[in-house]
Amino acid sequence: MATILVVAEQANGKLKKATFHALGAAQQLAQKGGAQIQAVVIGQGVSGAAQELSQYGVTVHAVDGPEFARALAETHSAAVAAAAKAAGASDVVIAATAYGKDIAPRAAAKLGAGLASDVLGFAGEGGKAWFKRAMWAGNAIATVEVTTPVRVVTVRATEFPAAQKGGSGSVQPLKVDAPQPKTRFVEFNEVKSARPELTEARVVVSGGRGTKGDFKPIEQLADVLNAAVGASRAVVDAGWQPNDLQVGQTGKVVAPQLYVAAGISGAIQHLAGMKGSKTIVAINKDPEAPIFQVADYGLVGDLFKALPEMAEAVKKLQ
Amino acid sequence: MTVDLRLNVPRYASLPNIMKAKKKPIAEMTAQQLGVDVSPKVRVVKVEPPPQRAAGVKVPDVQTLVEKLHAEAKVI
């Protein structure tokens, strides 16, 4: 039987949410051709994370050691390739996060495998699974076939449901000789935020050029809704907000239950990053703004008045 | 190294340098000479437009918006 290997992503021994979405994608892929699923967790002190993942009914290969403590692409991709060989995997599935995008191409090269990146869904039957992926800022969906015996895919976490616990699995330690890396970890500076992470939040409130750099109304509403704060490219380019808040083609792809776009005109590159949201609300002064073409609810008005009003109204509901 | 979009301001080629560049020899080589395999590992089966999002409704004021989000969309 064919085997699909899911690469887990963890930080400080805790699995990232994207891992479960990657597992969900692997389950969909497995249904196409009747494959079994295994997983690999890489890092230092990951036995807890490996145990947790095994509760999803998969055999987990744990690659544990100080040489894997930091997520360097060189060592981690070597571990992925080793695990894929150990599992006899025909497909390697990784979430298309910064981590996944970093290691997938290297792992594919080591395995002589073709790569399909940022996959949104599967098509085709049996061993001939085809991959649907977004091209041209989401303006076209290409269906591609990877023609190599082993295939590496990165999947867009927002397009697949998270896997549910169930079934019995086990953890197997896997010894991997890490290559001597040509890069060295120096330090890690984390931006601490009380708000949920942009790509994992249930609600996202984003501001654009219309905020004129004043994000207070955005943050106010975000606090009431327990939402993450996002921004359009114009805002980040102007230096009003840091890079990691950017939603769009060159920023993050989000698909929350509710996306509120305030003062964002809706350039195609921005839409590419949030079109998958379940409900989209647009607040903009310009009634002709393209954002209204994708919004479920549009409000023509001044965000500096509308957002505080909205925050008040939501508070009353809670 | 891959770099962030906003890392720096690009240095553009000056006109004299563009003129000079036209006279520079360009060496052509094949992938074979370099010993790399460039045969495609991915075949495009088809390309199609993405599903369109239907345009929604315009709401007159914030009160209506919040009510709709609560009662219709059930997201808040």
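The rules behind each value
- Residues numbered from 1 in each chain as written.
- Chains lettered and ligands numbered in written order.
- Predicted model: local features only at pLDDT ≥ 70, side-chain atom pairs only at ≥ 80, totals over all residues.
- Heavy atoms only, no water.
- Helix = DSSP H or I, 4+ residues; strand = E, 2+ residues; numbered from the N terminus.
- Rg over C-alpha atoms; globule rule 2.2 N^0.38 Å.
- Buried < 20%, exposed > 50% of the residue type's maximum accessible area, 1.4 Å probe, protein only.
- Areas by Shrake-Rupley, 256 points an atom, 1.4 Å probe, with all protein chains shown as cover.
- Contact = heavy atoms within 4.5 Å.
- Salt bridge = Lys/Arg side-chain N within 4 Å of Asp/Glu carboxyl O.
- Pairing = 2+ DSSP bridges.
- Axes fitted to C-alpha atoms, helices over the stretch in contact; angles between N-to-C directions.
- Patch = residues over 30% accessible without salt bridge, like charges linked within 9 Å, V, L, I, M, F, W, Y side chains within 5 Å.
- Lys, Arg positive; Asp, Glu negative; His and termini not counted.
- Charge placed at Lys NZ, Arg CZ, Asp CG, Glu CD.
- Buried area = accessible area lost by both parts, 1.4 Å probe.
- Polar contact = N/O pair within 3.5 Å; in protein donor to acceptor, adjacent residues only side chain to side chain.
- Nonpolar A, V, L, I, M, F, W, Y, C, P; charged D, E, K, R; others polar.

*Asks:* Requested: an account of the overall build of chain B, with residues and values cited.
*Replies:* When helices and strands are tallied, chain B shows 3 helices and 2 strands. Beginning at the N terminus, the succession of helices and strands in chain B can be written as α-α-β-β-α. Relative to its length of 76 residues, chain B is extended, with a C-alpha radius of gyration of 27 Å against a globular reference of 11 Å. Out of the 76 residues belonging to chain B, those deemed buried represent 11%. As presented, chain B carries roughly 6,800 Å² of accessible surface, and 60% of it is formed by carbon and sulfur atoms.

*Asks:* Which residues make up the environment of Leu120(A), and what values go with them?
*Replies:* Residue and element names in this part refer to chain A. Note that Leu120 resides in strand S7 (residues 114-123). According to the relative accessible area criterion, Leu120 is buried, its value standing at 17%. Distance from Leu120 to Ile141, taken between C-alpha atoms, is 8.8 Å for residues 21 residues apart in sequence. Filtering out sequence-adjacent residues up to four positions away, Leu120 remains in contact with Lys132, Arg133, Ala134, Ile141, Arg156, Glu159 and Phe160.

*Asks:* Break down the pattern of salt bridges for me, with residues and values.
*Replies:* Counting across every chain of the model gives 11 salt bridges over all chains. A salt bridge links Glu48(B) to Lys132(A), with the shortest nitrogen-to-oxygen separation between them at 2.9 Å. Of the two residues, Glu48(B) is situated in strand S1 (residues 42-48) and Lys132(A) in strand S8 (residues 130-135); the pairing between them involves two chains.

*Asks:* Go over the sheet that holds strand S1 (residues 3-7) of chain A with me, naming the residues and quoting the values.
*Replies:* With respect to topology, 10 strands assemble into an open sheet ordered S11(A)-S5(A)-S4(A)-S1(A)-S6(A)-S10(A)-S7(A)-S8(A)-S9(A)-S1(B), the strand pairing being mixed. Strand pairing shows two members of the sheet lacking a second neighbour, strand S11 (170-173) of chain A together with S1 of chain B, which therefore form its edges. Looking at each pair of strands side by side, their axes are set apart by 35° on average, direction ignored. Here S1(A) pairs with strand S4 (residues 36-43) of chain A via 5 bridges, running parallel. Counterpart to Val6(A) in the pairing with S4(A) is Ala39(A). Across the sheet, helix H2 (residues 47-54) of chain A touches S4, strand S5 (59-64) and S11 of chain A, and the angle it forms with S5(A) is around 170°.

*Asks:* Explain unusual backbone geometry to me, using residue names and the numbers behind them.
*Replies:* Trans is the prevailing form of peptide bonds, just as negative phi is the prevailing case for residues other than glycine. All names here are of chain A. A positive phi angle, near 55°, is found at Asn12, a position not held by glycine. Tracing the backbone shows Asn12 in the loop between strand S2 (10-11) and strand S3 (14-15). Residue Asp118 is not a glycine yet carries a positive backbone phi of 55°. Of note, Asp118 is situated in strand S7.

*Asks:* Before we move on, could you go through the pairing of S1(A) and cite the residues and values that matter?
*Replies:* All names here are of chain A. Of all 5 residues that make up S1, 5 are buried, and the element is covered over most of its length. Burial of S1 is two-sided: the residues Thr3, Leu5 and Val7 facing one way and the residues Ile4 and Val6 facing the other way are all buried. As defined by bridge partners, S1 adjoins strand S6 (residues 91-95) across 4 bridges and the pair is classed as parallel. Among the inter-strand pairings, Leu5 is bridged to a residue of S6, identified as Val92.

*Asks:* Describe in detail a positive patch on the surface, supporting the description with residues and values.
*Replies:* Together, Lys85(A), Arg106(A), Lys110(A) and Lys182(A) make up a positively charged patch on the protein surface. You can call Lys110(A) partly exposed: its relative accessible area is 42%.

*Asks:* Explain a nonpolar patch on the surface to me, and be specific about the residues and the numbers.
*Replies:* Residue and element names in this part refer to chain B. Residues Met29, Leu34, Val36 and Val38 make up a contiguous nonpolar surface patch of roughly 420 Å² in combined accessible area. Within the element layout of this structure, Val38 appears in the loop between helix H2 (31-34) and S1. Given a relative accessible area of 62%, Val38 falls into the exposed group.

*Asks:* Outline the interface of chain B and chain A, listing residues and values.
*Replies:* Accessible area lost on assembly of the parts is the figure often given for the size of an interface. In this complex, chain B contributes 34 residues to the contact, which on the side of chain A involves 51 residues. For the pair chain B and chain A, the summed buried area comes to about 3,400 Å², and 60% of that belongs to carbon and sulfur atoms. Its largest share of buried area at the contact with chain A, chain B owes to Arg6(B), Lys41(B) and Arg53(B), together 21% of the area lost on that side. Applying the counting criterion to the chain B and chain A interface returns 3 salt bridges. The salt bridge involving Asp296(A) is made with Arg53(B); its shortest N-O contact spans 2.8 Å. In this assembly, chain B and chain A are joined by 17 residue pairs in polar contact (both at pLDDT 80 or more). Residues of the side of chain B that touches chain A, tallied by class, amount to 20 nonpolar, 3 polar and 11 charged.

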